[in-house]
Amino acid sequence: MQTDGLWKAVLGEIELSVSKGSFLTWFKNTDLLRYDQDLTIVGVQNVFIQQQLEKKFKDLINETLTKKGYPSKKIEFKIITSKSTKMIYDEPVILEDVAVFANDEEAEVEKVNLNGLSHSYRQGLNEKYTLDNFVVGAGNELAFAACQSIAQNPGTKYNPLFIYGGVGIGKTHLIQAVGNALAVNNPSIRILYISTEQFVQEFVDALRFRKTADFASYYRSCDVLIVDDIQFIAGKEKIQEEFFHTFNALHQANKQIIISSDKPPKDIPTIEERLRSRFTWGMSIDMQTPDFETRCAIIKTKALNHSVDLPDEVVEYLSNNIPTNIRELEGALNHLLAFCEMRAVDPNIGIATSLLGSSKVRPKHLSAKQIIDKVSKYYQVPVEDILGPKRDKDIVVPRQVAMYILRSELHLSFPKIAKELSRKDHTTAIHSIDKIEKQFHLDSDIREAISAIKERLYA
Ligand code: ADP
Ligand code: MG
């Protein structure tokens, strides 16, 4: 257990410093088998990964361990047969996906030994992502509701479902969770989850091994296709063409398609128009960074999964200081838990502050004034007008948004919010915040404004 937490923290850090492809290929299925100051042993899945980690990433692992407060004189990599987080297979997996999907040039050597495409449906699904362990709150509830609905009735209402939003806010978790929920309800359903990078890589392999027909029929014969990070398809004409035909075949057959992206279809550069328009055929949802309360709930839940009941003070501290990226938030939490576990102490605010203070993330102390200022800049309405008596719509909306953000980010009381906005009556604040909360679900301009303002606040 101890090593588990430490390794998670180390991986969290490494994930931020290597490319996504490298991380998935080399680190994803590793385990910490033993830590001590003289010898640390990392478990890996095959000799190929063992050699690569030894050759290319040993220093990085060592540095990261040291940074987390766990230096070790020696690091070894041992091959373990299977990992505890098993995936569900409905037929044997012939290829080692790690080697096939590898992005690095060195992987070429290994790939030529493999003769084409051969793998099972459900290969990409990771059981750890479920709808049940996804914390729902402002920012992600629309996306969650759509996913829940698809988990019950795939291929009907929202097809395709296109979810977009910033890094680390739970897109992959949600779309994987749909796949897992469907798999539970219907064991024979053919579900494919694939990252766009893998999709591209497989396509390139298929071309090389002259297996494009296999590739096409494999993807066109699933019941549910989940494609993560579609923005990586930008500029790749051949794969866009291939994806276009896959999309059409599935859509016509009422098969569910779920797509995630870090930006809306209209902002993905160099993408074929016909593909872009298809992305918006069903439902597009802009997922937002979870607000303060949701972030707190996520931390609490994750800590409880480790059987730790974190003091509120610590929860709020983490949530305040890592406002936009849940992956980083989780990384910081794992770091804290590992630190406390190894030293057999209870987490407290002092430890949290010193750990976080020493990492890249700096505490932010936002003031009400800064918030009002950013709202004023975003809407290009002078602060005096926001604080003044005017009741024109283009001033009232920024005023209400300012109140909403004061509440969601600083948790000020209603009277205090009213005071900051120079309103006499605190019921104004109650009504305004209520109004924005309701509009948040209906009005994408409001959602975009709030997320842009928050991003600038924490930038
Ligand atoms: P994205 O794909 O948007 O970059 P991920 O889905 O990979 O983000 O999420 C990053 C991490 O944060 C994952 O470990 C995920 O489980 C966790 N996470 C994000 N949002 C939530 C949530 N609402 N409830 C629980 N965990 C979450
Ligand atoms: Mg993702």
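In this text the structure is predicted, and so the values were computed from the model without any measurement.

**Q** Explain the sheet that holds strand β2 (residues 39–44) here, please?
**A** Spatially, three strands are ordered β1-β2-β3 in an open sheet, and the strand pairing comes out mixed. Both edges of this open sheet fall to β1 (31–34) and β3 (74–79), since each of them pairs with a single strand only. Pairs of neighbouring strands in the sheet enclose a mean axial angle of 35°, with direction left out of account. Of the strand pairs in this sheet, β1 and β2 are connected by three bridges, and their pairing is antiparallel. Counted as the bridge partner of Arg 34 is Ile 41 from β2.

**Q** Quick question: what am I supposed to make of helix α14 (residues 326–343) here?
**A** Between its first and last C-alpha, α14 extends 26 Å over 18 residues, near the 26 Å set by a 1.5 Å rise per residue. Looking only at α14, the buried set comprises Ile 326, Leu 329, Gly 331, Ala 332, Leu 333, Asn 334, His 335, Leu 336, Leu 337, Ala 338, Phe 339 and Cys 340. You can read the cap of α14 off the contacts: a side-chain oxygen lies 2.8 Å from the backbone nitrogen of Arg 327, and it is on Asn 325. Phi for Ala 344, located one or two positions after α14, is positive at around 55°.

**Q** What exactly am I supposed to notice about the packing of aromatic side chains here?
**A** Aromatic rings in a pair are described by how distant their centres are and how their planes are angled relative to each other. In total, this model carries 16 aromatic pairs according to the counting rule given. The interplanar angle of 55° and the centroid separation of 6.3 Å between the aromatic rings of Phe 162 and Tyr 164 together place this pair among those described as tilted. A relative accessible area of 0% places Phe 162 in the buried class. Residues Tyr 218 and Tyr 219 carry aromatic rings whose centres are separated by 5.0 Å and whose planes lie at 75° to one another, so their mutual orientation is edge-to-face. Relative accessible area serves as the criterion here: at 12%, Tyr 218 is assigned to the buried category. Here the aromatic cluster, defined as three or more aromatic residues joined through ring pairs, consists of Phe 162, Tyr 164, Phe 199, Phe 203, Phe 215, Tyr 218, Tyr 219, Phe 243, Phe 247, Phe 279 and Trp 281. Its guanidinium or amino end placed over the ring of Phe 209, Arg 208 lies 5.3 Å from that ring's centre, counting from NZ or CZ. Just above the ring of Phe 339 sits the side chain of Arg 343; from NZ or CZ to the centre is 3.8 Å.

**Q** I keep staring at the sheet that holds strand β7 (residues 256–261) and nothing clicks. Help me out?
**A** The strands that make up a sheet are held in pairs by hydrogen bonds between backbone atoms, and each pair lies either parallel or antiparallel. With parallel pairing, the five strands of this open sheet are ordered in space as β5-β6-β7-β4-β8. In this open sheet, the two edge strands, each paired with only one partner strand, are β5 (191–195) and β8 (283–286). Strand-to-strand, the axes of this sheet are offset by a mean angle of 10°, without reference to chain direction. The pairing of β5 with strand β6 (residues 224–228) spans five bridges and is parallel. Across the sheet, the residue bridging to Leu 192 is Leu 225, located in β6. Those strands touched by helix α10 (residues 237–252) are β6 and β7, and its axis lies near 140° from that of β7.

**Q** Explanation requested: the pairing of strand β4 (residues 161–164) in the structure shown.
**A** Across a regular strand the side chains alternate sides, sitting on one face of the sheet and then on the other. Of the two faces of β4, the one carrying Leu 161 and Ile 163 and the one carrying Phe 162 and Tyr 164 are both buried. By the bridge criterion, four bridges tie β4 to β7 in an arrangement that is parallel. Pairing of Ile 163 across the sheet is with Ser 260, part of β7. Both β4 and β8 contribute to a ladder of four bridges, which runs parallel. Its bridge partner being in β8, Tyr 164 is matched across the sheet by Asp 286.

What counts as what
Residues numbered from 1 in each chain as written. Chains lettered and ligands numbered in written order. Predicted model: local features only at pLDDT ≥ 70, side-chain atom pairs only at ≥ 80, totals over all residues. Heavy atoms only, no water. Pairing = 2+ DSSP bridges. Helix = DSSP H or I, 4+ residues; strand = E, 2+ residues; numbered from the N terminus. Axes fitted to C-alpha atoms, helices over the stretch in contact; angles between N-to-C directions. Expected span 1.5 Å × (residues − 1). Buried < 20%, exposed > 50% of the residue type's maximum accessible area, 1.4 Å probe, protein only. Polar contact = N/O pair within 3.5 Å; in protein donor to acceptor, adjacent residues only side chain to side chain. Phe/Tyr/Trp six-rings, centres within 6.5 Å; stacked < 30°, edge-to-face > 60°. Lys NZ or Arg CZ within 6 Å of the ring centre and 35° of its normal. Contact = heavy atoms within 4.5 Å.

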